[in-house]
Every structure is written in C-alpha cells, then in structure tokens.
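The chain contents come next:
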Amino acid sequence: MGRKLILLKRERENAGQPGMYAGRKGTIPFDRLLLGIVCLVLIGLFSAVLTGALDMSGILRDDESACPSGEDNASAALARGFLHYHGLGVPQNLGYAFSQFSEAANKGDADGQFHVGIMLSRGEGVTRNMEMACSWLRKAALQGHDQARISLGILYAEGEGAPEGREEVMDWLRETAGKGSAEARKILEKLEEDATAD
C-alpha cells in the first residue's frame with residue numbers, strides 16, 4: 001500500500017513539471033510524446049503515399065500551378081527528385097530525378113548539388129562525368145554539406161578529383177570528423193596514409 005502511494009505522489013509531482021505529460025500509466029517527457037506523434041503521422045503519410053490514398057499530384061507536377069515561383073521552387077524540385085529517384089508513390093525515373101535535383105542545385109540548394117554530384121559520379125540517369133561530379137559536390141561542400149565532403153573524400157581516396165583540391169577536401173574531412181563522423185575520420189586516415197606513402 002505504501003509503495004503505491006509513493007508512486008502516485010511522484011506522478012503528481014512530475015505532472016506539474018514543465019516538459020512532462022501525465023498519462024493514465026504515469027508521466028513521460030513531453031519531447032518523447034511529440035516524437036511519438038510525429039513518427040505516427042509520418043508513417044501514416046508514407047503509407048498513404050505508397051497505397052495511393054494520398055494525392056501527390058500537386059507536388060509531382062512540373063508546372064507553375066504545382067510549384068509557384070519563389071524560394072519554395074528548390075524545395076519542391078528536391079522533393080520531386082527524391083520521390084522519382086526512390087520511386088516513392090511514382091514510377092522510378094532517374095532521368096527525371098536528375099533534372100529535378102539539377103533544378104534545385106542551380107538555385108543554390110546544397111542537397112540538390114549533393115544529389116547531382118552523386119548521380120554524375122555513378123552515371124545514374126545521366127552520363128557519368130567525374131569532373132562535373134566533383135564540381136557539384138564541391139559546391140555543396142562549400143556550403144557545409146557533410147555528406148558532400150565525405151563523398152569528395154571517398155572520390156579522392158579512389159584516385160578521382162583534381163590534385164589541387166586534395167588539401168581542401170582533407171580540411172573538410174577534419175572538420176566533419178571533429179563533429180563525430182567516424183566515416184570522415186576513416187577516409188581522412190586513408191588520405192593521410194596515401195600522402196605519406198607518396
């Protein structure tokens with residue numbers, strides 16, 4: 001009996017604290033509650049897109065009514081590129097995905113620049129062009145895009161990329177590794193090992 005009273009007392013004390021939610025089975029931090037709700041909503045939206053229950057025509061069309069001009073154009077192009085690249089709710093179309101990522105990239109969007117660089121390096125939906133791939137990845141890296149920096153590091157470790165950009169890439173990898181990226185640290189070690197072997 002005494003244990004139950006202590007638990008009830010703690011629940012009442014926690015319920016009054018900021019950031020806590022008192023439910024039927026106790027209290028939980030409010031941020032966990034919000035995260036749970038957001039996850040459920042995203043799962044529901046993803047399921048609706050996959051089953052066709054959600055009409056994606058507004059974001060998938062490539063006309064002015066679907067994508068009004070302005071800053072949102074890069075975001076809408078990036079979203080269309082992502083959906084077509086992965087075939088989410090639409091047939092996979094790498095050529096169209098590349099064109100949409102290119103639209104975002106040309107508007108200065110770092111994610112668009114990253115995706116254009118990756119697709120060019122792999123020859124996905126476009127002819128493989130390592131010089132252009134490195135150029136687009138560098139543009140994204142200059143904006144602080146960590147995955148672009150890591151991807152450039154991988155290309156340099158594989159012998160791709162212009163020699164004059166090697167130090168810049170190594171500096172970016174040091175910065176990204178400093179943020180805790182094990183992948184960046186591993187690539188940096190490989191590049192430093194190669195530099196001492198030369």
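These lines cover the structure that appears in this document, whether it is placed above or below. (Residues numbered from 1 in each chain as written. Predicted model: local features only at pLDDT ≥ 70, side-chain atom pairs only at ≥ 80, totals over all residues. Heavy atoms only, no water.)

1. What to know about the overall build of the chain
Each helix and strand in the chain was counted, giving 10 helices and two strands. Going through the 198 residues of the chain one by one, you find that 34% of them count as buried. If you sum the accessible surface of the chain, you get close to 12300 Å²; carbon and sulfur atoms cover 56% of it. (Helix = DSSP H or I, 4+ residues; strand = E, 2+ residues; numbered from the N terminus. Buried < 20%, exposed > 50% of the residue type's maximum accessible area, 1.4 Å probe, protein only. Areas by Shrake-Rupley, 256 points an atom, 1.4 Å probe, with all protein chains shown as cover.)

2. A word on the nonpolar core
Counting residues in each nonpolar core, the largest one holds 21 residues, and the members touching the most others are Phe114, Leu137, Ala148, Leu152, Val169, Leu173 and Leu191. For this core, the elements supplying multiple residues, two or more each, are α6 (110–122), α7 (130–142), α8 (146–157), α9 (166–178) and α10 (182–197). Filtering out sequence-adjacent residues up to four positions away, Phe114 remains in contact with Leu137, Ala140, His145, Gln147, Ala148 and Ser151. (Core = buried A, V, L, I, M, F, W, Y, C linked by side-chain atoms within 4.5 Å. Contact = heavy atoms within 4.5 Å.)

3. So, the pattern of salt bridges
Evaluated as defined, the whole model comprises six salt bridges. Measuring nitrogen to oxygen at the nearest pair gives 2.9 Å for the salt bridge that ties Glu168 to Arg138. One end of the pair, Glu168, is in helix α9; the other, Arg138, is in helix α7, with 30 residues separating them in the sequence. A residue is classified by how much of its surface remains accessible, and Arg138, at 37% relative accessible area, is partly exposed. (Salt bridge = Lys/Arg side-chain N within 4 Å of Asp/Glu carboxyl O.)

4. Here's the deal with the packing of helix α5 (residues 94–106) against α6
Contact geometry of α5 with α6 gives a least axis separation of 7 Å together with a crossing angle of 140°. Viewed along their axes, α5 and α6 adopt a mutual orientation that is oblique. The way α5 lies across α6 gives a crossing that is left-handed. Along the contact surface, α5 presents Leu94, Ala97, Phe98, Phe101, Ser102, Ala104 and Ala105, while α6 presents Gly112, Gln113, His115, Val116, Met119 and Leu120. Taken together, the residues that form the contact of α5 with α6 break down as nine nonpolar, four polar and no charged. (Axes fitted to C-alpha atoms, helices over the stretch in contact; angles between N-to-C directions. Parallel < 35°, antiparallel > 145°, perpendicular 65-115°, else oblique. Left-handed = near helix turned anticlockwise from the far one by under 90°. Nonpolar A, V, L, I, M, F, W, Y, C, P; charged D, E, K, R; others polar.)

5. What to know about the environment of Cys134
Its location among the elements puts Cys134 in helix α7. Here Cys134 falls in the buried class, since its relative accessible area comes to 12%. Distance from Cys134 to Ala148, taken between C-alpha atoms, is 9.3 Å for residues 14 residues apart in sequence.

6. What about α8?
With 12 residues, α8 extends 16 Å between its outermost C-alpha atoms, agreeing within 8% with the 16 Å of an ideal straight helix rising 1.5 Å per residue. For α8, the complete set of buried residues consists of Ala148, Arg149, Ile150, Ser151, Leu152, Gly153, Leu155 and Tyr156. At the C-terminal side of α8, Gly159 shows a positive phi close to 90°. (Expected span 1.5 Å × (residues − 1).)

7. Concerning the packing of aromatic side chains
Counted by the stated rule, this structure contains one aromatic pair. For the ring pair Tyr85 and Phe101, a centre distance of 6.4 Å and an interplane angle of 55° mean the geometry is tilted. Highlighted residues: Tyr85 in helix α4 (residues 72–86) and Phe101 in helix α5, separated in sequence by 16 residues. Residue classification places Phe101 among the buried positions, given a relative accessible area of 1%. Across from the ring centre of Trp136, 4.2 Å away, lies the NZ or CZ of Lys139, which sits over that ring. (Phe/Tyr/Trp six-rings, centres within 6.5 Å; stacked < 30°, edge-to-face > 60°. Lys NZ or Arg CZ within 6 Å of the ring centre and 35° of its normal.)

Remember that the coordinates give geometry; whether it matters functionally is a separate question.
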